[in-house]
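# Survey of secondary and tertiary structure
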Amino acid sequence: MAALLKFAVQKPKGSKWETLALVDDPKTGRREFHDAVGRFGSGYVRLIQVEFRSPDALSDYDWRLIDLHDPFQGKGPRPNLRVISSSTGKAARKTLRAPPRPVGRPVRPVQADEKVPVPVTTYIAAFLFGALALVIWGVWFQV
């Protein structure tokens, strides 16, 4: 039983790899790899040799890395690559971006002797609301 040999070009998608092309010969695989590097050059792209163990079950295979495009090679330290779950992904990406600067207002540092107003009335209102909630809870449940 001969193993089925193919070549795949892949790019990362989340925590898995997305197959962009699956071809039969290495020459075409190398050409597809270079096309993918041209399209997705800012991210990782890999060319692998896939050896299917059985032509019936294509989910049973071995693979070997032939070429990898690393966009950070030779550009200093690599970024911290971590998987962000989909539920917190948008919130985490928003915190990574710098907030937009208001137009027309220059940024100035706060001076050490500059007085900053404290919202005392807001604190008093919050305290009174909490005290009122405790009194109502006590009366309602007859504590």
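Coordinates for the structure precede this section.
As the structure is a computational prediction, the values presented were derived from the model and not from experiment.

About the criteria used
Residues numbered from 1 in each chain as written. Predicted model: local features only at pLDDT ≥ 70, side-chain atom pairs only at ≥ 80, totals over all residues. Heavy atoms only, no water. Pairing = 2+ DSSP bridges. Helix = DSSP H or I, 4+ residues; strand = E, 2+ residues; numbered from the N terminus. Axes fitted to C-alpha atoms, helices over the stretch in contact; angles between N-to-C directions. Contact = heavy atoms within 4.5 Å. Salt bridge = Lys/Arg side-chain N within 4 Å of Asp/Glu carboxyl O. Buried < 20%, exposed > 50% of the residue type's maximum accessible area, 1.4 Å probe, protein only. Phe/Tyr/Trp six-rings, centres within 6.5 Å; stacked < 30°, edge-to-face > 60°. Lys NZ or Arg CZ within 6 Å of the ring centre and 35° of its normal. Polar contact = N/O pair within 3.5 Å; in protein donor to acceptor, adjacent residues only side chain to side chain.

### A closer look at the sheet that holds strand β3 (residues 45-52)
Here four strands make up an open sheet; going across it, the order is β2-β1-β3-β4 and the pairing antiparallel. Edge positions in the sheet fall to β2 (16-23) and β4 (61-69), since each of these pairs with one other strand and no more. Strand-to-strand twist in this sheet, taken as the mean axis angle between neighbours without regard to direction, amounts to 30°. Taken together, the eight bridges between β3 and β4 define a ladder with antiparallel strand orientation. Residue Phe-52 lies in a different strand from β4, and its bridge partner there is Tyr-61. On the sheet, helix α1 (residues 26-39) packs against β1 (4-13), β2, β3 and β4 and is oriented at approximately 150° with respect to β3.

### Brief notes about the pattern of salt bridges
Scanning the entire structure with this criterion turns up four salt bridges. When the shortest N-O distance is used, the salt bridge between Arg-30 and Asp-67 registers 2.8 Å. Of the two residues, Arg-30 is situated in helix α1 and Asp-67 in strand β4; the sequence distance between them amounts to 37 residues. Look at Arg-30 and you get partly exposed, because its relative accessible area is 33%. Arg-53 is the partner of Asp-62 in a salt bridge, and the nearest nitrogen-oxygen pair spans 2.4 Å. What makes Asp-62 partly exposed here is its relative accessible area of 36%.

### Overview of the packing of aromatic side chains
On inspection of all chains with the given rule, the structure shows three aromatic pairs. Taking the centre distance of 6.1 Å and the plane angle of 55° together, the rings of Tyr-44 and Phe-72 count as tilted. Within this pair, whereas Tyr-44 is found in the loop between α1 and β3, its partner Phe-72 is found in the loop between β4 and α2 (86-96), the two being separated by 28 residues in sequence. Relative accessible area serves as the criterion here: at 27%, Phe-72 is assigned to the partly exposed category. Between Phe-52 and Tyr-61, the aromatic rings sit 5.9 Å apart at their centres with planes inclined by 65°, giving edge-to-face as the arrangement. For Tyr-61, a relative accessible area of 40% puts it in the partly exposed group. The ring of Trp-17 is capped by Arg-46, whose NZ or CZ atom sits 4.0 Å from the centre of that ring. Taking the ring centre of Trp-63 as reference, the NZ or CZ of Arg-46 above it sits at 4.5 Å.

### Section: the side chain of Gln-10
Residue position: Gln-10 is located in strand β1. Taking the relative accessible area as the measure of exposure, Gln-10 reaches 9% and is therefore buried. Within the structure, the side chain of Gln-10 is placed 3.1 Å from the side chain of Thr-19, a separation counted as a polar contact. Polar side-chain contacts of Gln-10 include one of 2.7 Å to the side chain of Arg-46. In contact with Gln-10, not counting residues within four places along its chain, are Trp-17, Glu-18, Thr-19, Leu-20, Tyr-44, Val-45, Arg-46 and Ile-48.

### A few points about the pairing of β3
For β3, the buried fraction is high: seven of the eight residues fall into the buried class. Where β1 meets β3, seven bridges bridge the pair, whose relative direction is antiparallel. From the neighbouring strand, Val-9 faces β3, where its bridge partner is Leu-47.

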